[in-house]
Amino acid sequence: MSPQVTAEEFVAALRAYGVRSVAGVPCGHLAGPWALFDDAGDLTPAVSEGAALAIAAGWELAGRTSAVLCQNSGFGNLINPLASLLLPYRVPLLVVMTMRGWPDPGEDEPQHATMGNSTIGMLESLDVPHTMLWEGKLEEALAQAAEARAQGRPFFLLVPRGAIGKVTGAYSVAESTDGRLTRPDVVSCLMAKLTDELLVTTTGYLSRQAHHERDRPDTFYMQGSMGHASAVGVGLATARPDRRTVMLDGDGAFLMHLGTGSTLGASGARNLTHVVVDNGCYESTGCQPTTSRRLDWAALGTGLGYRTVLTCDSPRELDGSMHTALTAEGPVLLVLTVVPTPDEVHPRATASTGPVEIADRFRVAAAAGGAVGTKTTQDTP
Ligand SMILES: Cc1ncc(C[n+]2csc(CCOP(=O)(O)OP(=O)(O)O)c2C)c(N)n1
């Protein structure tokens, strides 16, 4: 689909509407405006869409006209502050939300189908004004947003996939990977070492990479549910204390629901290994920076209560770190610092195996096997 409006035109229209600050979680289909607001120093990357809404509500309460950029997979994350903050307190706010899984769910990834079908209905049942960004209708849409704003109401501008153009050269990455770890390095190392461990892989390129390196029924490719791989993992690990459970996570996904790290630490699950691949960005949506580069991962892991905390940024130490992570007493946190390699993209697991089949074969695999590289005792949570 060719864009109906350039990123520059879109940003200029939002500026003319009055937007001064923007918060959000990136979507590849909003990569252009995201980069332009970021270049201007007006963008705050939030850990989740709910947090983005609340940050922008803070700006609005301080008198600053604001907008949120997100995709509708994050709609679930923002419904709580929408329903219990913006609506009752009458905080007006412009939310620019891309429509994944819409109008034809069959043309998008399967995890977007339910939200694609129900986003508009949910906005209607919440009585939140909204409109679709139809060709040539940006000005009209923003006039509707201004009307809602005058009544103290939030407004959702829904954006069909590909409707807004991209910008070139945004978030360029290091050309050389010499002496640095990359996603393919760390995922191939992990996949080569796995025997009968249960593995949950986070949404985006990491799931694709795991599938590319080695497809196995004991891997649950969790496309969608961003940030919840660690929670699924703690459920698996505590239900099957005789088997090691490994979660393969991204920095953006882990940060989205960081609180689960505390549940994980408190679980005391000795059979649990959490591998976080920190590339400093949301690589799967265009390498927009996360806030991970400011994190002290070792202090965070210890503070959350992981029993074993490891960090690694060197190819020489990768093999040893991965081995320790898969055999040490859990909960283990291994954080691997990598450079982004956005040109290495593989097909999604669901391109060859549907989500129901992935879950079914995983159930069978999870019911079998056991007792590899793990102690069977479980701490009382
Ligand atoms: C709730 C939600 N918000 C946004 C997205 C869009 N999205 C898909 S992958 C991704 C980036 C994930 O970043 P990270 O976990 O750091 O992994 P990386 O892409 O860098 O490998 C985003 C933002 C989503 N799928 N779900």
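Residues numbered from 1 in each chain as written. Predicted model: local features only at pLDDT ≥ 70, side-chain atom pairs only at ≥ 80, totals over all residues. Heavy atoms only, no water.

**Observations regarding the UniProt feature "domain: Thiamine pyrophosphate enzyme TPP-binding" (unreviewed entry) in the chain**
When the UniProt feature table is mapped onto this chain, "domain: Thiamine pyrophosphate enzyme TPP-binding" (unreviewed entry) is found at residues 212-334. Each end of residues 212-334 is marked by a C-alpha atom, and these two atoms are 22 Å apart; helix forms 39% of the span and strand 23%. (UniProt positions renumbered as here; feature names shortened; annotations may be inferred. Helix = DSSP H or I, 4+ residues; strand = E, 2+ residues; numbered from the N terminus.)

**Digging into the site of the ligand**
Around the ligand, the surrounding shell holds 20 residues, and the nearest of these are E49, G252, A253, N279 and S284. E49 places a side-chain nitrogen or oxygen 2.6 Å from a nitrogen atom of the ligand. In this structure, C281 approaches the ligand through a main-chain N or O atom, which is 2.9 Å from an oxygen atom. Of all the secondary-structure elements, those providing two or more residues to the shell around the ligand are helix 10 (251-256) and strand 11 (281-282). When residues in the shell around the ligand are grouped by element, the largest group, four residues, is from helix 10. Tallied by class, the residues present in the shell around the ligand amount to eight nonpolar, nine polar and three charged. The residue makeup of the shell around the ligand includes at least three contributed by each of domain 1 (7-160) and domain 2 (183-367). (Near = heavy atom within 4 Å. Polar contact = N/O pair within 3.5 Å; in protein donor to acceptor, adjacent residues only side chain to side chain. Nonpolar A, V, L, I, M, F, W, Y, C, P; charged D, E, K, R; others polar. Domains from an automatic or database assignment.)

**Quick word on the domain arrangement of the chain**
For the chain, the assigned domains read domain 1 (7-160) and domain 2 (183-367). One C-alpha centre belongs to domain 1, the other to domain 2, and the line joining them spans 30 Å. On the side of domain 2, 14 residues touch domain 1, which itself brings 16 residues to the contact. Of the roughly 1,200 Å² buried between domain 1 and domain 2, counting both surfaces, carbon and sulfur atoms make up 62%. When the area that domain 1 buries against domain 2 is broken down by residue, the three leading residues are P26, V47 and Q111, summing to 37%. Remark: the boundary between domain 1 and domain 2 carries two salt bridges. (Contact = heavy atoms within 4.5 Å. Buried area = accessible area lost by both parts, 1.4 Å probe. Salt bridge = Lys/Arg side-chain N within 4 Å of Asp/Glu carboxyl O.)

**Details of the packing of aromatic side chains**
Inspection of the entire model under this criterion finds four aromatic pairs. Note on F75 and F156: the rings are 5.8 Å apart at their centroids and 75 degrees apart in plane angle, and the pair reads as edge-to-face. Taken together, the residues span a long stretch of sequence, with F75 in helix 4 (residues 75-86) and F156 in strand 6 (residues 155-160) at a distance of 81 residues. With a centroid separation of 6.1 Å and an interplanar angle of 50 degrees, the aromatic rings of W102 and W134 are classed as tilted. Here W102, found in the loop between strand 4 (94-99) and helix 5 (113-125), pairs with W134, found in the loop between strand 5 (130-132) and helix 6 (138-150); they are 32 residues apart in sequence, far enough to count as distant. (Phe/Tyr/Trp six-rings, centres within 6.5 Å; stacked < 30°, edge-to-face > 60°.)

**Overview of the sheet that holds strand 8 (residues 219-221)**
Taken in spatial order, the six strands of this open sheet run 8-7-9-10-14-13, and their pairing is parallel. A single partner strand is all that each edge strand has here, and the edge strands are strand 8 and strand 13 (308-312). Averaged over all pairs of adjacent strands, the angle between strand axes in this sheet comes to 15 degrees, irrespective of strand direction. Taken together, the six bridges between strand 9 (residues 245-250) and strand 10 (residues 272-278) define a ladder with parallel strand orientation. Directly across from D249, in strand 10, lies its bridge partner V276. Relative to the sheet, helix 9 (residues 229-239) contacts strand 7 (198-201), strand 9 and strand 10, its axis offset from that of strand 9 by approximately 175 degrees. Against the sheet, helix 14 (residues 355-367) touches strand 7 and strand 8, its axis set at about 155 degrees to strand 8. (Pairing = 2+ DSSP bridges. Axes fitted to C-alpha atoms, helices over the stretch in contact; angles between N-to-C directions.)

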